[in-house]
Amino acid sequence: MSLEIMMLMMLLLLEVLRMGRVNFCRDKRGGVFMAIPIVLLTLVLCGMVLLSYSNHQNKLSIALVSPLAVLEIRDELDIFEMREKELVLDSVEKSGIDKEKFEKEFVSGLSQEMKDFILKDLFWRGSKVEVGTGFDENGFFRDVLYSVEEVSDGLVLKRQETGKRGLLKVSEDVKIGFPVEYDFVFDREYLITRKSGKYVVEVLK
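In this report, the structure presented in the accompanying data block is examined. (Residues numbered from 1 in each chain as written. Predicted model: local features only at pLDDT ≥ 70, side-chain atom pairs only at ≥ 80, totals over all residues. Heavy atoms only, no water.)

Turning to the nonpolar core, a few remarks are in order. Of all hydrophobic cores here, the largest spans 31 residues; its most connected members are Val88, Phe102, Phe106, Ile118, Phe141, Tyr146 and Leu157. Put simply, the parts of the chain that give this core at least two residues each are helix H3 (68–95), helix H4 (99–108), helix H5 (112–119), strand S1 (122–124), helix H6 (137–145), strand S3 (146–151), strand S4 (154–168) and strand S5 (180–195). Broken down by element, this core gets its largest block of residues, 6 residues, from H3. Not counting the four nearest positions on each side in its chain, Phe141 is found in contact with Val107, Leu110, Lys115, Ile118, Leu119 and Tyr146. (Core = buried A, V, L, I, M, F, W, Y, C linked by side-chain atoms within 4.5 Å. Buried < 20%, exposed > 50% of the residue type's maximum accessible area, 1.4 Å probe, protein only. Helix = DSSP H or I, 4+ residues; strand = E, 2+ residues; numbered from the N terminus. Contact = heavy atoms within 4.5 Å.)

Listed below in structure tokens is the structure:
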């Protein structure tokens, strides 16, 4: 039962109650006996309407999918990029503005936790990447995911666009649900320069 229908029922009942009060004014002998049952009936039906609406809202909230999985990926990405930026700075301080040395230092410094975040449910150019036997993990990070370019004032480290894809499902207790497929795409670029004797890492994208 929709909220609009419930409200209409309440308005009709209130109108009936008003008519009962008018009859009471016209006929003092029998009007009071007619109004009391109408008042009780109105209160009972109003209570039923409120209970029905509350039950409807509870069922609706259970049937909707939760965006928690996407929010968790967003949080994990924030942590990953914070560590990534720290690694960029640490790597350039060890290698200097040297493309080959920096790239080697950076890729070797990626922790397994950082790699696991990228590889979990990984989609690359529209296709799911099967990570397992035969997958060259180091080659992927060195030759595919990351690239380093020399620019006039330093280096640019680019993480290519990757994505994750999954399915948001409703609770298992709900018989009827509408799962939603989601795509989460991300990339990043860092400019690495040396200013006033210190290395500086800036996010370009």
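Time to look at the packing of aromatic side chains. All told, the structure shown has 8 aromatic pairs when counted by the stated rule. An aromatic cluster of at least three residues, connected via ring pairs, comprises Phe80, Phe117, Phe184 and Phe186. Sitting above the plane of the Phe117 ring, Lys164 keeps its charged end 4.9 Å from the centroid. (Phe/Tyr/Trp six-rings, centres within 6.5 Å; stacked < 30°, edge-to-face > 60°. Lys NZ or Arg CZ within 6 Å of the ring centre and 35° of its normal.)

As a further point, take unusual backbone geometry. Notably, Asp121 is not glycine yet its phi reads approximately 55°, a positive angle. For Asp121, a relative accessible area of 34% corresponds to the partly exposed category. Of note in this structure, Ser196 is not a glycine but carries a positive phi near 55°. By secondary structure assignment, the location of Ser196 is in the loop between S5 and strand S6 (198–203). Judged by its relative accessible area of 82%, Ser196 is exposed.

Spatial relationships are all this shows, so hold off on functional conclusions.
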